[in-house]
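Residue-level listing of the chains:
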Amino acid sequence: MVTFVVTAFHLNLRSAPDPDKKNVIATLPQGTEVTKVREAEMAGWIEVDTTIAGQAIHGFLNGAHVAPAGTTSFPAVTAAAGEPKEADLGPSEKAKRSSTGARANSVGEPDRPGRPSTEGAGKAAGIVKILDWLDVGDTDKHLRWKGVGGKTFCNVYVYDVCALAGVYIPRVWWTSKALVQLSKGATIKAIYGETVMEMRANYIFNWLVEYGEDFGWERVFDLDALQDGANAGRIGVVCAQRKDMETPGHIQIAAPEHGSHKAKRSGSKVVQPLQSNAGSENFTFGHLSANWYQASKYKQHGFWLADVG
């Protein structure tokens, strides 16, 4: 087998040699080493093995963007001025834990907790303070994330947690037309229903794969890495995309362990991270069914971490 390095600034590793499908497994940064297994059926593509966050990953990539191992001179790449920026409607006084209004905005209650980085007991304690304050499990008082008529609000909850923690994840994202304008360097304001559209879990998964790294998200492939990151004071999420994109996917918070609230382990290995969840079940700290994201209704899933503000 032959070893190559990625020469592109970022290169998508896919589950099949087809660039027209949403089949991205991970995005490999420039300089990543991959081992060629064989030529793929699609001309110009190769099947490879690589390692990400200590985990062996198998997939396909465009062979035009790799070079023999030992290559150290890569094409210079600079970020374009028109690359996408955050799309966000910000906090609103109407967005309250106790109400169902303004779900496209982040919670704007004046007594909301500060950023985890300002917490004297540490960032993990700051995240726990946010989760305790939001108290998503109290569905009698906190209607914002309470499911109704078969509709659930996991995306809203994760967005609210991230907004309070100083981490960007899209509750709304730019429309196709706005993205084209941004790519040309235009200045665009986030206007609901005009320049931005709501993001549900299925599409947040695609966003995390395509844009996550640009906004500070690191994909990990191991539950120990996910829980260790949360315990160290990073925001962790688990996101699963449905096979049928018209039915709801799911996204949840991987929470820091504290007190009696722990991840589930088999020996020393995490088998279920500590979770904070809105959806068909709402709980501030707990666990859904084991490996819920591997259910047959889901097409793909992933774990991500981001540094808090």
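Our structure is the block above this text.
Computed from a predicted model, the values in this text were never measured in an experiment. For every chain, the first residue of the written sequence is number 1, and numbering continues from 1 onward in sequence order. The predicted nature of this model means local features are confined to residues of pLDDT at least 70 and side-chain atom pairs, given and counted, to a pLDDT of 80 or more, with totals for whole chains, interfaces and linings taken over all residues. With hydrogens and water set aside, each side-chain value is computed from the structure's full complement of heavy atoms.

What to know about the overall build of the protein
Right, on to step 1. In terms of helices and strands, the protein carries five helices and 19 strands.
Right, on to step 2. Here the globule rule is a power law, 2.2 Å times the number of residues to the power 0.38, and the radius of gyration is based on C-alpha atoms. Against the globule reference of 19 Å for 309 residues, the protein gives a C-alpha radius of gyration of 20 Å, in line with a compact fold.
Right, on to step 3. With the C-alpha coordinates of the protein rotated into their principal frame, the extents come out at 60 × 55 × 40 Å.
Right, on to step 4. With a 1.4 Å probe rolled over the protein chains alone, any residue whose accessible area is under 20% of its type maximum counts as buried; one over 50% counts as exposed, and the rest are partly exposed. For the protein, the residues scored as buried account for 50% of the 309 residues in total.
Right, on to step 5. Contacts are residue-level and defined by heavy atoms, with any inter-residue pair within 4.5 Å sufficient. Long-range pairs, those at least 24 residues apart, make up 63% of the contacts in the protein between residues at least 6 apart in sequence.
Right, on to step 6. We score Asp and Glu as negative and Lys and Arg as positive, and we do not count His or the chain ends. One atom stands in for each charge, and that atom is NZ of Lys, CZ of Arg, CG of Asp or CD of Glu. Taking the average place of the 33 positive charges on the side chains of the protein and the average place of its 33 negative ones, the gap between the two points comes to 5 Å. Counting from the N terminus, the helices are DSSP H or I runs at least four residues long and the strands are E runs at least two residues long.

Regarding the side chain of Glu109
Right, on to step 1. Relative to the helices and strands, Glu109 resides in the loop between β9 (106-107) and α1 (123-134).
Right, on to step 2. Glu109 has contacts with Ala95, Lys96, Arg97 and Trp133, leaving out every residue within four places of it along the chain.

Description of helix α2 (residues 154-165)
Right, on to step 1. Helices are assigned an expected span. That span is 1.5 Å times one less than the residue count. Relative to the 16 Å expected for 12 residues at 1.5 Å per residue, α2 spans 17 Å between its end C-alpha atoms, a close match to the ideal helical length.
Right, on to step 2. For α2, the full list of buried residues reads Cys154, Asn155, Val156, Tyr157, Val158, Tyr159, Asp160, Val161, Cys162, Leu164 and Ala165.
Right, on to step 3. Downstream of α2 by one or two residues, Gly166 has phi in the positive range, about 80°.

A look at the sheet that holds strand β13 (residues 234-242)
Right, on to step 1. Pairing within the open sheet is antiparallel, and its six strands lie in the order β12-β19-β13-β14-β17-β18. At either margin of the open sheet sits one strand with a lone partner, and together these are β12 (217-220) and β18 (283-286). Direction aside, neighbouring strands of the sheet carry axes that sit 30° apart on average.
Right, on to step 2. When DSSP finds two or more bridges between a pair of strands, those strands are recorded as paired. Taken together, the two bridges between strand β17 (residues 275-277) and β18 define a ladder with antiparallel strand orientation. Note that in β18 the partner of Asn277 across the bridge is Phe283.
Right, on to step 3. Of the strands in this sheet, β12, β13, β14 (250-254) and β17 touch α2, which is tilted by about 35° from β14.
Right, on to step 4. Sheet strands in contact with helix α5 (residues 223-231) are β12, β13, β14 and β19 (298-307), and its direction is about 35° off that of β19. Angles shown run from 0 to 180 degrees and are taken between the N-to-C directions of axes, each axis being a line fitted to C-alpha atoms and, for helices, limited to the stretch in contact.

Quick word on the packing of aromatic side chains
Right, on to step 1. Here a Phe, Tyr or Trp ring, Trp counted by its six-membered ring, pairs with any other such ring whose centre lies within 6.5 Å, and the pair is stacked when the planes are under 30 degrees apart, edge-to-face when over 60, and tilted otherwise. Tallying each qualifying case throughout the model produces 12 aromatic pairs.
Right, on to step 2. Note on Trp292 and Tyr298: the rings are 5.7 Å apart at their centroids and 75° apart in plane angle, and the pair reads as edge-to-face. Accessibility classification places Trp292 together with Tyr298 in one group, the buried group.
Right, on to step 3. Connected via pairs of aromatic rings, a cluster forms that spans Tyr168, Trp173, Trp207, Tyr211 and Phe215.
Right, on to step 4. Taking NZ or CZ as reference, Arg97 lies 3.8 Å from the ring centre of Trp133, over its face.
Right, on to step 5. Ring-over charges, as used throughout, are those where CZ of Arg or NZ of Lys falls within 6 Å of the ring centre and within 35 degrees of the ring normal. Arg242 extends its terminal NZ or CZ atom over the ring of Tyr298, reaching a point 6.0 Å from the ring centre.

Some thoughts on the environment of Lys262
Right, on to step 1. Among the structural elements, Lys262 can be located in the loop between β14 and β15 (264-266).
Right, on to step 2. You can call Lys262 partly exposed: its relative accessible area is 41%.
Right, on to step 3. Taking C-alpha positions, Lys262 is 5.7 Å from Leu274, a pair spaced 12 residues apart along the chain.
Right, on to step 4. Leave out the neighbours within four places in its chain, and Lys262 touches Glu257, Leu274 and His287.

Here's the deal with the packing of α1 against α2
Right, on to step 1. Packing of α1 against α2 leaves a shortest axis separation of 10 Å and a crossing angle of 135°. Comparing the axis directions of α1 and α2 gives the class oblique. The element α1 and its partner α2 pack so that their crossing is right-handed. Contacts between α1 and α2 pair Ile130, Leu131, Trp133 and Leu134 from the former with Tyr157, Asp160, Val161, Leu164 and Ala165 from the latter.
Right, on to step 2. Here the term charged refers only to Asp, Glu, Lys and Arg, the term nonpolar to Ala, Val, Leu, Ile, Met, Phe, Trp, Tyr, Cys and Pro, and the term polar to all other amino acids, Gly among them. Class assignment for the residues of the contact of α1 with α2 results in eight nonpolar, no polar and one charged. The labels follow the angle: roughly parallel below 35 degrees, roughly antiparallel above 145, roughly perpendicular from 65 to 115, and oblique for the rest. A crossing counts as left-handed when the near helix is turned anticlockwise from the far one by less than a right angle, and as right-handed when that turn is clockwise.

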